[in-house]
Amino acid sequence: MAEYRVRLIARQPLAEGTLAFHLEKPAGFDHKPGQALNLTLPGHHENPRSPDARHTFSIVTAPHENELVVATRMRDSPFKRALGALPLGTELQLNGPFGSLTLHKSLDRTGVLIAGGIGITPFISMLRQAAAQQTPQDLLLIYSNRRPEDAAFLDELQRLEQQNPRFRLLATMTDMARSAQPWQGETHRLDGHWLWQAIGGLAKPVCYVSGPPPMVEAISEALKVAGLDEEDLRSESFYGY
């Protein structure tokens, strides 16, 4: 795994309590959609494994883009507080890319992407790449949030659905009683019955689940009980996101 020095070039809000961090893309950095990187804060290189100094992020940007972007919920942890306070231009240590949560290569098999909250990040890279290349592969994203205010990248995902006729977005909001925004879409929770209805009839689906560990475990088990072959299920849990 290669090591680079990169600078923080921008930050932007994505949703309530969620920020994107834009980084320089170093020469020679080549990743696959869905892969991740490690960021180490300045001043912590002597002990880079400290949880206060280092964090793993999925790469939001697709390989063809000329910057690297990561996104995270800004919870109250030493790392997140320090990251959020960094001045633009600060140099960070980057290690990567790594990870195997990448799309299968069989174009005749539908990719079903199931995301909870900030678990959407590895899928954004995949969907941007598919839209840019107009990949002849059917993709379904099932994206669950409590409210539209919490749903990072929702506007972009709706645009990507318009740009890519092989991509369908199925977003659901599970706590609209606490939302100040209108929502005309689904409000189902991600249970096995509803998910199986959503993917029923798809061409030999391969399912990818990404989000908080309890959600990933529950959805993975529900899909297996519903009849999905374990070999057609891949997952990634976001600890401390």
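Each remark here, short or long, concerns the structure printed above.
Below, the structure is looked at part by part. Predicted, not measured: the structure shown is a model, and the values here were computed from it. As a convention, each chain's residues are numbered from 1 in the sequence order in which they are written. Since the coordinates come from a predicted model, pLDDT governs what is reported: local features require at least 70, and pairs of side-chain atoms require 80 or more to be given and counted, while whole-chain, interface and lining totals use all residues. Hydrogen atoms and water are omitted, and side-chain values are computed over all heavy atoms in the structure.

Things to note about the overall build of the protein
Part 1 of the reasoning: Only DSSP runs of H or I reaching four residues or more are called helices, and only runs of E reaching two or more are called strands; each is numbered from the N terminus. Across its full length, the protein holds five helices and eleven strands.
Part 2 of the reasoning: Principal axes of the C-alpha set define a box for the protein whose edges measure 50 × 40 × 30 Å.
Part 3 of the reasoning: For every residue, the accessible area (1.4 Å probe, protein chains only) is compared with the maximum for its type, and the residue is labelled buried under 20%, exposed over 50%, or partly exposed between those bounds. Of all 241 residues assigned to the protein, the portion counted as buried reaches 54%.
Part 4 of the reasoning: A sequence separation of at least 24 residues applies to 73% of the contacts in the protein between residues at least 6 apart.
Part 5 of the reasoning: Reported accessibility uses the Shrake-Rupley method at a 1.4 Å probe radius. Residues are deemed covered only where the shown protein chains occlude them. As displayed, the protein offers around 11,300 Å² of accessible surface, 47% of which is attributable to carbon and sulfur atoms.
Part 6 of the reasoning: Positive charges come from Lys and Arg, negative ones from Asp and Glu, while His and the chain ends are left out of the count. Note on charges: their place is set at NZ of Lys, CZ of Arg, CG of Asp or CD of Glu. One finds the centroid of the 24 positive side-chain charges in the protein at a distance of 2 Å from the centroid of its 27 negative side-chain charges. Here, residues are in contact when the closest pair of their heavy atoms is within 4.5 Å.

Details of the sheet that holds strand S3 (residues 36-40)
Part 1 of the reasoning: Spatially, the six strands line up as an open sheet ordered S4-S3-S6-S1-S2-S5, and their pairing is antiparallel. Strands with a single pairing partner mark the edges of an open sheet, and in this sheet they are strand S4 (54-58) and strand S5 (67-73). Each neighbouring strand pair of the sheet contributes to a mean axis angle of 40°, computed without reference to strand direction.
Part 2 of the reasoning: When DSSP finds at least two bridges between two strands, those strands are taken to pair. As paired elements, strand S1 (residues 3-15) and strand S2 (residues 18-24) share six bridges and run antiparallel to each other. Note that in S2 the partner of Ala15 across the bridge is Thr18.
Part 3 of the reasoning: The angle between two axes is taken between their N-to-C directions and runs from 0 to 180 degrees, where each axis is a line fitted to C-alpha atoms and a helix contributes only its stretch in contact. Its contacts with the sheet place helix H1 (residues 78-85) against S1, S2, S3, S4, S5 and strand S6 (91-98), and it is angled at close to 75° to S4.

Here we look at helix H5 (residues 213-226)
Part 1 of the reasoning: Along its 14 residues, H5 runs 20 Å from first to last C-alpha, staying within 8% of the 20 Å computed at 1.5 Å per residue.
Part 2 of the reasoning: Among the residues of H5, Met215, Val216, Ile219, Ser220 and Leu223 are the ones counted as buried. Along the axis of H5, the buried residues cluster in a sector spanning 120°; they form a single face. Residues of H5 that are exposed and point more than 90 degrees away from the buried face comprise Pro214, Glu217 and Val225. Take the number of residues in a helix, subtract one, and multiply by 1.5 Å to get its expected span. Throughout, the arc means the angular range of directions from the helix axis out to the C-beta atoms.

A short note on the environment of Ala130
Part 1 of the reasoning: Relative to the assigned elements, Ala130 resides in helix H2 (residues 121-133).
Part 2 of the reasoning: A sequence separation of 93 residues divides Ala130 from Leu37, and the C-alpha atoms of the two residues are 21 Å apart.
Part 3 of the reasoning: Residues contacting Ala130, with those up to four places away along its chain left out, are Thr135, Leu139 and Asn164.

Section: the nonpolar core
Part 1 of the reasoning: Think of a nonpolar core as a cluster: buried Ala, Val, Leu, Ile, Met, Phe, Trp, Tyr and Cys residues, connected wherever their side-chain atoms sit within 4.5 Å. Core analysis: the biggest nonpolar cluster contains 33 residues, and Ile120, Phe123, Leu141, Tyr143 and Leu157 have the highest contact counts within it.
Part 2 of the reasoning: Per element, the largest residue contribution to this core is six residues, and it comes from H2.
Part 3 of the reasoning: Beyond its immediate chain neighbours, meaning those up to four positions away, Leu157 contacts Ile120, Ile124, Leu127, Leu141, Tyr143, Phe167 and Leu169.

Things to note about the pattern of salt bridges
Between side chains of opposite charge, pairing is possible as soon as their charged atoms come close.
Part 1 of the reasoning: In what follows, salt bridge is the name for a side-chain nitrogen of Lys or Arg lying within 4 Å of a carboxyl oxygen of Asp or Glu. Scanning the model with the defined rule gives twelve salt bridges in all.
Part 2 of the reasoning: Across the salt bridge formed by Asp232 and Arg109, the nearest N and O atoms sit 3.2 Å from each other. Of this pair, Asp232 sits in the loop between H5 and strand S11 (233-237) while Arg109 sits in the loop between S6 and strand S7 (111-116), and the two are 123 residues apart along the sequence.
Part 3 of the reasoning: Through salt bridges that share partners, Glu3, Arg5 and Glu91 make up one connected network.

As for the pairing of strand S9 (residues 167-173)
Part 1 of the reasoning: Counting buried positions over the seven residues of S9 gives six, a clear majority of the element.
Part 2 of the reasoning: Here strand S8 (residues 139-145) runs beside S9; their pairing, made up of seven bridges, is parallel. For Ile142, the partnering residue across the bridge sits in S9 and is Leu170.
Part 3 of the reasoning: Crossovers are described as right-handed under a simple rule: with the strands pointing away from the observer, the path leading from the first strand over the helix to the second runs clockwise. Crossover handedness for the path S8 to helix H3 (residues 154-163) to S9: right-handed.

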